[in-house]
Amino acid sequence: MSTFRLVNASCADQTVDVIVNAANRELLRGGGICGVIFGKAGISNLEAALRKYQTPLMDGEAVITPAFALTNAKAIIHAVGPNFWVTPKAFEELFNAYYNSLLLAKNSNYKSISFPLISSSIFGGRLADPVGESTKQCVRAYLKFTKDYPDYDIDVILCAFTSSEMNSAQLELSKHSCL
């Protein structure tokens, strides 16, 4: 049976099969959780693995690499969330970043995945509640995935790093009685 839970922690610290990186279109090392994941995995190994992909990726696309020095995961999925400063109504692309990550995990036979709140920080643009929107799209992707693949069990952890992010994410989750 698939599960979904919200935790107040870093996605990079979860012991799962796959950790998701909130990647940019060029798959370059960035700030925030992206910088943390690069640092923990090993910058040179991760950069070399990501150079094998043709960039720029489109918003919503995701690619996979080994976890390298990250000992609490087997792989890293790099999901490109939209920049809401540039595309203020890119909700479907945000959904796709989550959904395509779940598909990549399934296609690699991974059973647990840890997500950050994609596009909720510097890419949040002028959204009234970027954390709530990211949570909403993650839940939407999880529900569609479990409907599309009812025989594939996956454990999803959505990670809210700060207490204010946790509060916003919990408020959004309270609207989804099916979880």
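Draft legend 1. Just the side chain of Q14, in detail. Looking at the element boundaries, Q14 is found in the loop between β1 (3–7) and β2 (18–23). Using a relative accessible area of 13% as the deciding quantity, one classes Q14 as buried. With near-sequence residues (within four places) excluded, Q14 lies in contact with V7, A9, I19, N72, S114, I157 and C159.

Draft legend 2. Up close: the layout of surface pockets. There is about 550 Å³ of room inside the largest pocket. A22, G31, G32, I33 and S121 are, among the 25 residues lining the largest pocket, the residues nearest its centre. Every element with two or more residues in the lining of the largest pocket is listed here: β2 and α1 (32–41). Taken together, the residues of the lining of the largest pocket break down into 15 nonpolar, nine polar and one charged.

Draft legend 3. Broad picture of the packing of aromatic side chains. Applying the stated criterion across every chain yields a total of seven aromatic pairs. Look at F84 and F91: their rings are 5.6 Å apart centre to centre, the planes differ by 35 degrees, and that puts the pair in the tilted class. On the accessibility criterion, F84 (3% relative accessible area) is buried. Between F95 and Y99, the aromatic rings sit 5.7 Å apart at their centres with planes inclined by 20 degrees, giving stacked as the arrangement. A residue pair is termed a helical-turn pair when its members lie 3 or 4 positions apart in one helix, as F95 and Y99 do in helix α3 (residues 91–107) at four residues. Its relative accessible area of 4% is what places F95 among the buried residues. A network of ring pairs unites the aromatic residues F95, Y99, F145, Y149 and Y152 as a single cluster. For the cation-ring pair, K111 lies above Y152, with the distance from its terminal atom to the ring centre recorded as 3.8 Å. Here the basic side chain of R140 rests over the ring of F95, its NZ or CZ set 4.2 Å away from the ring centre.

Draft legend 4. Spotlight on the pattern of salt bridges. Applying the stated criterion across every chain yields a total of six salt bridges. For D17, the salt bridge is made with K74, and the minimal N-O distance between the two is 3.2 Å. With a gap of 57 residues between them, D17 in the loop between β1 and β2 and K74 in the loop between β3 (62–66) and β4 (75–80) connect regions that are remote in the sequence. Residue classification places K74 among the exposed residues on the basis of a relative accessible area of 53%. R140 is the salt-bridge partner of E92, the closest N and O atoms lying 3.0 Å from each other. Of this pair, E92 sits in helix α3 while R140 is found in helix α4 (residues 130–148), placing the two residues 48 residues apart along the sequence. Classification of E92 by relative accessible area gives partly exposed; the value is 41%.

What counts, and where the lines are drawn
- Residues numbered from 1 in each chain as written.
- Predicted model: local features only at pLDDT ≥ 70, side-chain atom pairs only at ≥ 80, totals over all residues.
- Heavy atoms only, no water.
- Helix = DSSP H or I, 4+ residues; strand = E, 2+ residues; numbered from the N terminus.
- Buried < 20%, exposed > 50% of the residue type's maximum accessible area, 1.4 Å probe, protein only.
- Contact = heavy atoms within 4.5 Å.
- 1 Å grid on protein atoms, 1.4 Å probe; cavity = no way out; pocket = protein on both sides within 12 Å on 5 of 7 lines; lining within 4 Å.
- Points joined across faces, edges and corners; volume = space filled by probe spheres on them.
- Nonpolar A, V, L, I, M, F, W, Y, C, P; charged D, E, K, R; others polar.
- Phe/Tyr/Trp six-rings, centres within 6.5 Å; stacked < 30°, edge-to-face > 60°.
- Lys NZ or Arg CZ within 6 Å of the ring centre and 35° of its normal.
- Salt bridge = Lys/Arg side-chain N within 4 Å of Asp/Glu carboxyl O.

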